[in-house]
Amino acid sequence: MCGIISILSKKDDVIGDLIASLRKLEYRGYDSAGISYIDDNSVLQTIKTIGKIEVLEDLVTKNQTEGVVRPPSKPSESEFLIGDTEHRSVVQQETDYEELGRGSIGIGHTRWATHGKVSPQNAHPHTSNGVAIVHNGIIENYRELKNSLIRDNFEFDGESDSEVIAKLISNHLKNGLEFIDAFKNTIAQLSGTFAIVAIYDLAPNIIIGTKRGAPMTIGLSNDKLNFYIASDAIALSTLCDEISYLEEGDYVICEKSDQLNYRILTENWESIERDKVQNTISMADVGKNGFEDFMMKEISEEPIVIDNMITQFNCDFDISHYRSIYIIACGTSFYAGLLSKYWIEEMAGIHVDVEIASEFRYRNLVSPKDSLYVFISQSGETIDTLAAMRKANQLGLDTLSIVNVDSSSIAREAGHNLKTLAGFEIGVASTKSFIAQAMAMLMLTIKKNNLDVRIIKNIMHSILLGKDKIKVIAEKIKDSKSMLYMGRGCSYPIALEGALKMKELSYISAEGYPSGETKHGPIAMIDSNVYSIVIAPFDRYFDKTLSNTQEILARHGPVIFLTTDRAIPFIEDLENNNLADCIIFHEDAVPQENQTDELLRPLSFAMAVHLLAYYTAKAKGLDADKPRNLAKSVTVE
Ligand code: AGP
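Note that the coordinates shown come from a computational prediction; the quantities given were computed from them, not determined experimentally.

A. Quick peek at empty space enclosed by the protein. Across all of its chains, the model carries two cavities of 30 Å³ or more by this definition. The space that makes up the largest cavity amounts to roughly 300 Å³. The wall of the largest cavity is formed by 23 residues, among which Y27, R28, D232, S379 and V405 lie closest to the centre. Classifying every residue of the lining of the largest cavity gives nine nonpolar, seven polar and seven charged. In this structure, the second largest cavity spans a volume of roughly 80 Å³. C2, W112, T114, G137 and S162 are the residues nearest the centre of the second largest cavity, which is lined by 14 residues in total.

B. Seen up close, the nonpolar core. Membership of the largest hydrophobic core comes to 88 residues, with the highest contact counts inside it found for M439, Y485 and L562. It is helix α19 (residues 597-619) that contributes the most residues to this core, 14 residues altogether. What L562 contacts, discounting residues up to four positions off in sequence, is I533, V534, I535, A536, P537, I583, F585, F605, A608 and V609. Residues I15, L18, L22 and A230 belong to the second largest nonpolar core, which totals 32 residues.

C. Spatial organisation of the pairing of strand β7 (residues 192-200). Burial runs high along β7: eight of the nine residues are buried. Note: strand β6 (residues 131-139) against β7, nine bridges, orientation antiparallel. Each residue of the ladder has a partner; that of A132, found in β7, is I199. In this structure, β7 lies alongside strand β8 (residues 206-212), joined through four bridges in antiparallel fashion. Its bridge partner being in β8, A198 is matched across the sheet by I208. Hairpin remark: β7 followed by β8, antiparallel, with five residues in the connecting loop.

D. View of helix α4 (residues 163-174). Between its terminal C-alpha atoms α4 stretches 17 Å, which fits the 16 Å expected from 12 residues at 1.5 Å a residue. The buried fraction of α4 amounts to 11 of the 12 residues, a majority that puts the element mostly inside the structure. Listing the buried residues of α4 in full gives E163, V164, I165, A166, K167, L168, I169, S170, N171, H172 and L173. Buried positions along α4 lie against β5 (126-128), β6, α3 (142-151), α5 (179-189) and β7.

E. Inspection of the packing of aromatic side chains at higher detail. Taken as a whole and judged by the stated rule, the model has 15 aromatic pairs. Their ring planes at 70° and their centres at 4.7 Å tell us that Y251 and W269 sit as a pair that is edge-to-face. Of this pair, Y251 sits in strand β12 (residues 251-256) while W269 is found in the loop between β13 (260-265) and β14 (271-272), placing the two residues 18 residues apart along the sequence. Judged by its relative accessible area of 3%, Y251 is buried. Taken together, a centroid distance of 4.9 Å and an interplanar angle of 10° make the contact between Y326 and Y373 stacked. Pair noted here: Y326 is in strand β16 (residues 324-329) and Y373 is in strand β18 (residues 371-377), with a separation of 47 residues, a long-range link. Here Y326 and Y373 have matching classes, each one buried. What links up through ring pairs into an aromatic cluster is the set Y326, F360, Y373 and F375.

F. Broad picture of the sheet that holds strand β17 (residues 351-356). The five strands are arranged β17-β16-β18-β19-β20 in an open sheet whose pairing can be described as parallel. Only two strands of the sheet have a single partner each, and these edge strands are β17 and β20 (416-419). Averaged over all pairs of adjacent strands, the angle between strand axes in this sheet comes to 20°, irrespective of strand direction. Note that β16 and β17 share six bridges and pair parallel. Bridged to A329 within β17 is I356. Relative to the sheet, helix α11 (residues 383-394) contacts β16, β18 and β19 (398-403), its axis offset from that of β18 by approximately 160°.

Scoring rules and cut-offs
- Residues numbered from 1 in each chain as written.
- Predicted model: local features only at pLDDT ≥ 70, side-chain atom pairs only at ≥ 80, totals over all residues.
- Heavy atoms only, no water.
- 1 Å grid on protein atoms, 1.4 Å probe; cavity = no way out; pocket = protein on both sides within 12 Å on 5 of 7 lines; lining within 4 Å.
- Points joined across faces, edges and corners; volume = space filled by probe spheres on them.
- Nonpolar A, V, L, I, M, F, W, Y, C, P; charged D, E, K, R; others polar.
- Core = buried A, V, L, I, M, F, W, Y, C linked by side-chain atoms within 4.5 Å.
- Buried < 20%, exposed > 50% of the residue type's maximum accessible area, 1.4 Å probe, protein only.
- Helix = DSSP H or I, 4+ residues; strand = E, 2+ residues; numbered from the N terminus.
- Contact = heavy atoms within 4.5 Å.
- Pairing = 2+ DSSP bridges.
- Expected span 1.5 Å × (residues − 1).
- Phe/Tyr/Trp six-rings, centres within 6.5 Å; stacked < 30°, edge-to-face > 60°.
- Axes fitted to C-alpha atoms, helices over the stretch in contact; angles between N-to-C directions.

Here it is, written out as structure tokens:
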């Protein structure tokens, strides 16, 4: 999703700080980026481009070093220098320019396209007559607002919904309102979900923002020289040790005199204080720490996440008295919920239904009151999960959230919240947070003193030791036309998770399904270009899964068979079949088999399918941290 950063500074130049914070927002997923700032001649400068932050930075540097100047006219019309390494469509108004100055107030944005194609014109910031805005979210009534502005002789550069915001503010200014009132009146006209920040070249010492349904974090830099408004705490990591999270409807206004004075106001314009909390993000959280990609770093942290959950997870919540449990989530979080269904039903004897949030939120709920509604989300901002939970809250149902990001909307609005301890997850693909979510649900199911996760840790250790074998397999499968992932019981959610990761990272079509369904359709897909990835820990289903595998091999379908050393006596013919690659992980069997081992083993295979997707992406030369079209947190429908 889009990322916002804005700075009002006592320093004479914020451009470098804007770019540095934009880089920290890259993990959210984006397709274009831009900055606006008011230079020391009080002229609004705007540079935006499609492509990566590097392209933007080159443009900024080029403008600053090669003396590209700006029109003297004031209030300046929006100026955009647009450069794009892929499309080479550099659009530049053929006018004389003054040299690009520096500036002590600016806004920046990484755009994940919703309304309007990926184009420089649709990139943010959007400007109008000296006003510049950045926006995260959706303006649902933008069409009627746009038509009204066009009737007021405003011209639009692109097709995005966000562009109306700048022009609405500009229109109120034209009608005589002061900047803050023009902003406030504009917000009152909008419907939808948004986090918006605006600056104005005739009010160069004021920055103003508001939060409605999309996250917004503020903070004063440790050196007290910059005031920040941003989409999340990561953008402010290592800059602001203390931050505050705005609540729904809040405005924040910062004005510079000899100090940076900011105030927070509610939707009804009443002053309010918001808690200052420690920004716990360290460089270790937001750095790659020597790994090539965040995704590899975060997969490698999965065993540590298990330890952290065992030792520090506070699961002060009792599920035993509920007649049934509904788990609602999206994507990988849904698969963590589906895995926990097997555990809760088997180990706690409680019926569980697992639902996709975007379906749950619109369905006519016939849901018993004596049930628990669990909402799982890494970001805590996924709009479908948030909306589903708000619906459950409105119905007076018991809601519990399992969330990885402190002070996120879902964490704050749930009846009860439990925070997972995956640490910050920068890679767009969820990896260690999946492990943390599953562990959270496991620890809700059986109390800590009955929990023995050595089998999971042992197999994960073996997987990491043997990751080069997975890398070799990735090279082998990287050009396959499509893939099938299968598993039974607790391995079925792992098959679904593996298929999603492969899709997300390598863009190869991949379908996950229960092994028992093979003959009910998927077997028609089998041919020499379709790889079947079989999740086959040695458990009660092993024989059945093995026979499904033989059925695939009999039809010349290549197979990647993931299992553990306990299966070795039973897979000799598989290992002699040149269509099958067996990857065998070692359990280093714990002295006495735990009755839970069979249920827990499959979780360790999540690391294997995460690595398989990662290495396949790398073998294809793709960006494992920022896959195309994906956002880390889907904050718009
Ligand atoms: C997982 O790799 C994806 N990035 C995606 O499916 C994700 O799990 C889903 O969007 C839910 O996100 P959340 O956990 O932040 O709610």
